[in-house]
Amino acid sequence: MQIGIIGLGRMGGNIAVRLTRHGHDVVLFDRDPATVAKVAERTEGGRGIAASSVEDLVTKLSADRKIVWVMLPSGEITEAAVQQLNGLLGKDDIVIDGGNSYYKDDVRRAAQLSEKGIHYIDVGTSGGVWGLERGYCMMYGGTKDSTDHIDPILSALAPGKGDAPVTPDRDKPGLDPRAEQGYLHCGPAGSGHFVKMVHNGIEYGMMQAFAEGFDIMKTKNSAILPEDQRFDLNMADIAEVWRRGSVVSSWLLDLTAEALAKNASLSEFTGEVADSGEGRWTLEAAIEESVPAPVITASLFTRFRSRTGNNYAEKVLSAMRFGFGGHVEKK
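- In the nomenclature of an unreviewed UniProt entry, the protein chain is known as Decarboxylating 6-phosphogluconate dehydrogenase of Gluconacetobacter tumulisoli.
- Recorded under Pathway (unreviewed entry), the UniProt text for the protein chain is reproduced unchanged: "Carbohydrate degradation; pentose phosphate pathway."

### A word on the packing of aromatic side chains
Then, number 1: Taken as a whole, this structure holds eight aromatic pairs when the rule is applied.
Then, number 2: Between Tyr 102 and Trp 281, the ring centres sit 4.9 Å apart and the planes meet at 35°, which makes this aromatic pair tilted. With Tyr 102 in the loop between strand 5 (94-97) and helix 5 (103-114) and Trp 281 in helix 12 (residues 278-289), this residue pair connects regions lying 179 residues apart in the sequence. Of the two residues, Tyr 102 and Trp 281, neither departs from the other in class, the shared state being buried.
Then, number 3: Grouping aromatic residues by their ring pairs yields a cluster made of Tyr 102, Tyr 103, Phe 194 and Trp 281.
Then, number 4: Lying across the ring of Tyr 312, Lys 218 places its NZ or CZ 4.9 Å from the centre.

### Focus on helix 10 (residues 235-242)
Then, number 1: Within helix 10, the full set of buried residues consists of Met 235, Ala 236, Ile 238 and Ala 239. The arc enclosing the buried residues of helix 10, seen along the axis, measures out at 165°, which places them on a common side. Projecting away from the buried face of helix 10 at angles above 90 degrees are the exposed residues Asp 237 and Val 241.
Then, number 2: Lining the buried residues of helix 10 we find helix 9 (191-218), helix 11 (251-262) and helix 14 (312-325).
Then, number 3: Looking at where helix 10 begins, the residue whose side-chain oxygen comes 3.1 Å from the main-chain nitrogen of Ala 236 is Asn 234.

About the thresholds
Just so you know, the residues in each chain are numbered from 1, in the order the chain's sequence is written. The model is predicted, so local features are restricted to residues of pLDDT at least 70 and side-chain atom pairs to those at 80 or more, both for listing and for counting; the totals for chains, interfaces and linings are taken over all residues. Side-chain measures here rest on the full set of heavy atoms in the structure, leaving out hydrogens and waters. UniProt positions are given in the numbering used here, feature names are shortened, and annotations may be inferred rather than shown by experiment. For Phe, Tyr and Trp, where Trp contributes only its six-membered ring, two rings pair if their centres lie within 6.5 Å, and the inter-plane angle classes them as stacked under 30 degrees, edge-to-face over 60, or tilted in between. Segments assigned H or I by DSSP are reported as helices when at least four residues long, segments assigned E as strands when at least two residues long, and all are numbered from the N terminus. The buried label applies to any residue whose accessible area, calculated with a 1.4 Å probe on protein chains only, is under 20% of its type's maximum; exposed applies above 50%, and partly exposed to all values in between. Counted as over-ring charges are cases with an Arg CZ or a Lys NZ within 6 Å of the ring centre that also lie within 35 degrees of the ring normal. When we speak of the arc, we mean the arc of directions from the helix axis to the C-beta atoms. The contact rule is simple, with two residues in contact once any of their heavy atoms fall within 4.5 Å. Counted as a polar contact is a pair of N or O atoms within 3.5 Å, where, for protein atoms, one must be capable of donating a hydrogen and the other of accepting one, and residues adjacent in sequence contribute only when both atoms are in side chains.

Here is the structure:
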């Protein structure tokens, strides 16, 4: 298939390259021409074509149904891109927002674009800087017609079954087999980003638990404790042993172990931990639904506190965020 991609940052560029590795053609645009040229060079078999503008990108899409994937930061920049595409595309064309937009914005945009017959699909995309090789876990919302049409795109980006063990009873009626491949049609427009939003809220809580646990262990050698109760524990070794058969083994733990093996003090991190919005939106949804979410709430507030003074726990958080998403602390 042919698809246009707007926004060629850490994930957008890798998405473009992965698609060309699976035989798809991509038309590339980014506001930085040098970035466009670099990504085009990385694509396979000359399947990446550079565009000089959004208008040029749309012109170079030759399929009967034009497909454009927007991979930009949530907020005004994505809104502007969607509105521009609304003026350039026509009936049965498809706009995909693969960033981390607020799901209520997706609902509004889908309704607006449908007035011209344009389909809007929101794709919550998880995989970070590792997605090029590992694939991306995707949760998406939109009409059945439009999501079925782009299935070859999503299938190419998804990680596949891999070596994950099969879940018992997955052959029951009503369960989507695509979930085993790492991508899932969640429902109408907005549902994909909603599920991804909650995914990221859960991620906040998991990361916070790891961070606090390592801080407790590191501080076990504190002078405030009785001398016979002080332990000088090796954080890198503990992270490594937990990776081997422990019930807390996970990709987040893998990234923590990697960071600690490199530098157990994590001195390269300040521990000032950013939040990208999804944690706040998850709490807003919890309040609207009257659902208690104390762990996610505490983890978000801890990130706020980290910006006014921090400890080892926040450095562990920073190390994990850098590991899975290439997130660099603000200077």
